[in-house]
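Secondary and tertiary structure notes
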Amino acid sequence: MDLLDALCGRQRAKSVVELSLEEPFRRHYTTIFKAIDAYQPQKGALAQLAGPYLPRPKKRSFWLLGVDVTPQPRPYARTLAERGFVYQPTVITSNKPITIGYQYSTVALLPEKDPETPAPWVVPLSCQRVEHGQNKAMVGAKQIDMLLTDPTLPFHGQLVVEVADSDYARPAYIATHRKHPNLVTVVRVRGNRVFYHQAERSAAETGGAPAHYGAPFRLRDAKTWHPPDDTLEFPFASRRGKTYTVRIQAWHNMLMRGKNKPQRLRMHKYPFTLVRIVLLDGNGQPAFKHALWLIVVGERRHELSLRDIYEAYTQRSDLEHFFRFGKQKLLLDKFQTPKLPREESWWHLVHLAYFQLWLARTAAASTPQPWEKYLPHYKQRKVTPTSVMRDFHRLLRTFGTPAKAPKPRGKSPGRQKGTRLPPRKRHKVLQKSKKSAS
């Protein structure tokens, strides 16, 4: 608890061991690693802990979940096992966007925002490392499945919408979730994909097997598009006050091709709604070069309006804010350890710390720096994760901590003089094989 409180109220620590210098941490710095080793939560423990506090949706008719992965770079940790090449975005275009380390998959609840003071809060529910040979999308699918099958969570059996980026627009991921009739999947697709209309000819007309796929629908070629089944336009104002027009087009009952390997997936059983979103400026011209393409899959997808689909997917960016805040403020990727289980425990502990900040948001006060009091979000009294973290020491003094005071037990004798520890084993960087990459 002392380590968790020191992390939530971090002010000056730039590394994990420096958390021992924070005011809430009352023990020796060596106990930090004992605390991390002692925290070994079971699968689903964070979701069960957060379940009673999850805010029920009021304005929308569904619960919104987001899933995504983020890299944990460990290029110099040669004694750390199971490191591999993972994707990491870079601002230098000539460099390859890869690093050596791990990927961690996170599933979080995206709660409804206050329209007057919107803040990018999420509620983390599950965190899991993507092991070597695993597909990150399928790891996220298992996390979602674990949450939906848990009867203790408040959204069990209710309409749930999940949002994800284009890496999850795969037949295997989409087909896996169709066993949940109450789940609707909204994922972005790349602009070079090819989908298909449903075939109009039956088996009697073809004289053989029934035709499932009709004419192709190429996202790059507007000549292959038929008139949309549904359209919507509404104004949109950016944070800088610039006005745009959001134009949404939808085509119902579209299909994607299935796969035969490694398992046969008949994707014609899962029709979806194809959505195209374009942002128009004041002159009626597209504000961006490429349009946003989404697919909406699920038995209850027709219960979502085009406005619901747009607002649900745009809120997915809050997960990016969570990863950035975790790495910049909560030292999410700053823990250097040669033990892989200890690193996994640290990632779970940081997710728990963010959840504690989310719980404290209603009691936190706005404490801007003198040069920040004129910023718009401080004038609006917007409660952000950073503002709660800045006021956390005051909250601790107000509410106290359940952690017991430390009791000195003398000095440890330590290692005997002349003790020599064997060198740690060096591990090679693992590379994906063709079988695991598929």
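Higher on the page you've got the structure.
Quick summary incoming for the structure in this document. (Residues numbered from 1 in each chain as written. Predicted model: local features only at pLDDT ≥ 70, side-chain atom pairs only at ≥ 80, totals over all residues. Heavy atoms only, no water.)

Some words on the overall build of the protein chain
- The helix and strand tally for the protein chain stands at 13 helices and twelve strands.
- Relative to the globule expectation of 22 Å for 438 residues, the C-alpha radius of gyration of the protein chain, 25 Å, shows essentially globular dimensions.
- Seen through its principal axes, the protein chain has C-alpha atoms that stretch 90 × 55 × 50 Å.
- Across the 438 residues in the protein chain, those meeting the buried criterion constitute 44%. (Helix = DSSP H or I, 4+ residues; strand = E, 2+ residues; numbered from the N terminus. Rg over C-alpha atoms; globule rule 2.2 N^0.38 Å. Buried < 20%, exposed > 50% of the residue type's maximum accessible area, 1.4 Å probe, protein only.)

Some thoughts on helix 8 (residues 317-328)
- Here helix 8 is twelve residues long and its end C-alpha atoms lie 17 Å apart, about the 16 Å a rise of 1.5 Å per residue gives.
- Every buried residue belonging to helix 8 is among Asp318, Leu319, Phe322, Phe323, Phe325, Gly326 and Lys327, and all of these are buried.
- Buried-residue contacts for helix 8 involve strand 1 (63-73), strand 3 (98-109), strand 4 (123-130), helix 9 (340-359) and helix 11 (385-390). (Expected span 1.5 Å × (residues − 1). Contact = heavy atoms within 4.5 Å.)

Some remarks on the packing of aromatic side chains
- Under the criterion given, the structure shown has 21 aromatic pairs.
- With centroids separated by 6.0 Å and ring planes inclined at 65°, the aromatic side chains of Trp225 and Trp251 adopt a geometry described as edge-to-face. Of this pair, Trp225 sits in the loop between strand 8 (213-218) and strand 9 (230-237) while Trp251 is found in strand 10 (residues 243-255), placing the two residues 26 residues apart along the sequence.
- A centroid spacing of 6.5 Å and a plane angle of 35° characterise the contact between Phe236 and Tyr244, whose relative ring orientation is tilted.
- The exposure class assigned to Phe236 is partly exposed, which follows from its relative accessible area of 31%.
- The buried category is assigned to Tyr244, whose relative accessible area is 15%.
- Aromatic rings pair up to connect Trp121, Phe322, Phe323, Phe325 and Tyr354 into one cluster.
- The residue whose ring lies beneath Arg257 is Tyr196, and the NZ or CZ to ring-centre distance is 4.6 Å.
- In this structure, Arg307 packs its charged tip against the face of Phe234, placed 3.9 Å from the ring centre. (Phe/Tyr/Trp six-rings, centres within 6.5 Å; stacked < 30°, edge-to-face > 60°. Lys NZ or Arg CZ within 6 Å of the ring centre and 35° of its normal.)

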